[in-house]
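Survey of secondary and tertiary structure
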Amino acid sequence: MKILITGGAGFIGSTIASACLDVGITPVILDNLSTGRREFTKDRAFYEGDVADAGLVDKVFSDHPDIYGVIHCASLIVVPESMTDPLRYYRENVAKGILFFEHLARNDCQRLLFSSSAAIFQADGERLTVDEDSPLAPGSPYAQTKAMLEKVIADVSAAGQLRSVSLRYFNPIGADPRLRTGLQVLKPTHALGAMIECHHSNSTFTVTGTDFPTKDGSGIRDYVHVWDIAQAHIAALRQFDSVLETEAANSSVIILGSGKGTTVKDLVRIFEKVTGQPLTHAEVPRRPGDQAGAYSGSNKAAKLLGWRPMLTVEQAVQDSLAWHAKRADILGQVA
Ligand SMILES: NC(=O)c1ccc[n+]([C@@H]2O[C@H](COP(=O)([O-])OP(=O)(O)OC[C@H]3O[C@@H](n4cnc5c(N)ncnc54)[C@H](O)[C@@H]3O)[C@@H](O)[C@H]2O)c1
């Protein structure tokens, strides 16, 4: 089986490509390297350029007429950046996404797996678990772009021009356990990234907000090892036609979560257990816009894909630390 992965030089796309290679699926990567890394495409079929580039997408399909389907990971993903430059996010993610779907339809590529996000759910702290039917209220232009593209994909699929499965990821962390790829950014902004940074610089990690309606008052997330996320894509590729048959529709939406909430304070404890050292941390009030967070209450991925995360948060922390130590060997010291 051969698969086109857009954004395959990024964190998640490159991990999916590695997982594909491990089971004999051939990835073909299309990435404009806006945030992705050329090093992550080594020894893989790679087309450098934009998903909106009609000529390039046509070339990919004429070079690889046996492409079975597409995993569309390409996207800008930084929430604060999307707040200050929303037009860029709507252009890069939505406008270019729509052009890309036209290119897929023209090349008669029918199967689309879309990287969506649990960030599209309403996060008012009233319900800490969500499933596929939970209300949506994207809280940032970034999240809006995901919700908008999901809607476009659903409409295009209903019209029979595509067939699609949108996978709404919760919080991917970790790295390829074989450390071929990992987070390319030097200083990730999520809690685990900040903990690793504090651990290495001997500075204080701040738990922002301790009055959320969670068991210990700190924010809650649903961490999923990125390798498990990659495995879910392989399951979704293999079961693609049967998922849509079960759904009796041309499109489907499936949450990828562990079903277990991990609070920030839980994560501090896990981090300390993995490193064997205390992590200096302080509790501060929540900042404007901070949300309690949520975790998956869905078992649809288990039912339709036969997928459940196999790796623990501990394992993800361990792999993140191992990647952090190896990152410079592959990507150099900067960026
Ligand atoms: N990382 C997360 O926490 C998370 C959570 C939920 C969903 N997602 C989704 O997963 C997908 C992958 O995220 P990631 O964390 O790997 O991000 P990433 O920034 O590492 O990867 C995105 C890749 O897309 C490429 N790209 C961006 N715009 C492009 C374009 N117009 N044409 C071609 N390539 C383009 C970038 O160069 C990069 O390699 C995204 O769609 C994101 O919305 C990520």
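Up top is the structure.
Please read these numbers as outputs of a predicted model, since none were measured by experiment.

In this section: the environment of Ala294. Structurally, Ala294 can be placed in the loop between strand 14 (281–284) and strand 15 (295–296). Sequence separation between Ala294 and Lys260 is 34 residues; the distance between their C-alpha atoms is 9.6 Å. Residues in contact with Ala294, not counting those within four places in the same chain, are Leu128, Val130, Phe170, Ile220, Arg221 and Asp222.

All right, on to the layout of surface pockets then. Each pocket or cavity is described by its volume, and for the second largest pocket that value is around 360 Å³. Elements supplying a minimum of two residues to the lining of the second largest pocket: strand 11 (223–225), helix 10 (300–305) and helix 11 (313–331). Taken together, the residues of the lining of the second largest pocket break down into 10 nonpolar, 11 polar and four charged.

Residues of helix 6 (residues 191–201) that are buried include every one of Ala191, Leu192, Gly193, Met195, Ile196 and Cys198, and no others. Looking at the buried side of helix 6, the elements it contacts are strand 8 (171–173), strand 9 (205–208), strand 11, helix 9 (264–275) and helix 11. Following helix 6 by one or two positions, Asn202 has its phi on the positive side, about 60°.

To continue, consider helix 2 (residues 54–63). Considered for burial, the residues of helix 2 that qualify are Leu56, Val57, Val60 and Phe61. Down the axis, helix 2 shows its buried residues gathered within 135° of arc, on one side only. Taking the backbone nitrogen of Gly55 as reference, a side-chain oxygen 3.1 Å away marks Asp53 as the first, capping residue of helix 2.

Ile12, Asp31, Tyr142, Lys146 and Gln184 are the nearest of the 29 residues found near the ligand. One nitrogen or oxygen atom from the main chain of Val51 is found 3.1 Å from a nitrogen atom belonging to the ligand. Here Lys146 contributes a side-chain N or O atom positioned 2.8 Å from an oxygen atom of the ligand. At the level of secondary structure, the elements contributing two or more residues to the shell around the ligand comprise helix 1 (11–22), helix 4 (86–106), strand 5 (111–117) and helix 5 (141–158).

Glancing now at the pairing of strand 2 (residues 26–31). The element strand 2 is extensively covered by neighbouring structure, given that five of its six residues are classed as buried. Here five bridges tie strand 1 (residues 2–6) to strand 2, and the two strands are oriented parallel to one another. Note that in strand 2 the partner of Ile3 across the bridge is Pro27. Taking the sense of rotation as the criterion, the β-α-β connection linking strand 1, helix 1 and strand 2 turns out right-handed.

Moving on: the sheet that holds strand 5. By way of backbone hydrogen bonds, the strands of a sheet pair with one another, either parallel or antiparallel. The parallel open sheet is built from seven strands, whose spatial order is 3-2-1-4-5-7-12. The outermost strands of the open sheet, each flanked by one partner alone, are strand 3 (45–48) and strand 12 (251–256). Each neighbouring strand pair of the sheet contributes to a mean axis angle of 20°, computed without reference to strand direction. Where strand 1 meets strand 4 (residues 67–72), five bridges bridge the pair, whose relative direction is parallel. When the sheet's bridge partners are listed, Lys2 is paired in strand 4 with Ile67. Helix 4 contacts strand 1, strand 2, strand 4 and strand 5 of the sheet and is inclined by roughly 175° relative to strand 4. Here helix 7 (residues 226–238) sits on the sheet and contacts strand 1, strand 4, strand 5, strand 7 (163–169) and strand 12; the angle it forms with strand 7, its principal contact strand, is near 160°.

Consecutive side chains of a regular strand alternate in pointing toward one face of the sheet and then the other. Burial analysis of strand 7 places six of its seven residues in the buried class, the great majority of the element. Relative to strand 7, strand 5 is paired through seven bridges, and the arrangement is parallel. The partner of Ser117 across the bridge, within strand 7, is Tyr169. In the sheet, strand 7 pairs with strand 12 via six bridges, with the strands oriented parallel. Directly across from Arg168, in strand 12, lies its bridge partner Ile255.

Here is what the cut-offs are and how they apply
Residues numbered from 1 in each chain as written. Predicted model: local features only at pLDDT ≥ 70, side-chain atom pairs only at ≥ 80, totals over all residues. Heavy atoms only, no water. Helix = DSSP H or I, 4+ residues; strand = E, 2+ residues; numbered from the N terminus. Contact = heavy atoms within 4.5 Å. 1 Å grid on protein atoms, 1.4 Å probe; cavity = no way out; pocket = protein on both sides within 12 Å on 5 of 7 lines; lining within 4 Å. Points joined across faces, edges and corners; volume = space filled by probe spheres on them. Nonpolar A, V, L, I, M, F, W, Y, C, P; charged D, E, K, R; others polar. Buried < 20%, exposed > 50% of the residue type's maximum accessible area, 1.4 Å probe, protein only. Arc of directions from axis to C-beta. Polar contact = N/O pair within 3.5 Å; in protein donor to acceptor, adjacent residues only side chain to side chain. Near = heavy atom within 4 Å. Pairing = 2+ DSSP bridges. Right-handed = clockwise from strand over helix to strand, strands pointing away. Axes fitted to C-alpha atoms, helices over the stretch in contact; angles between N-to-C directions.

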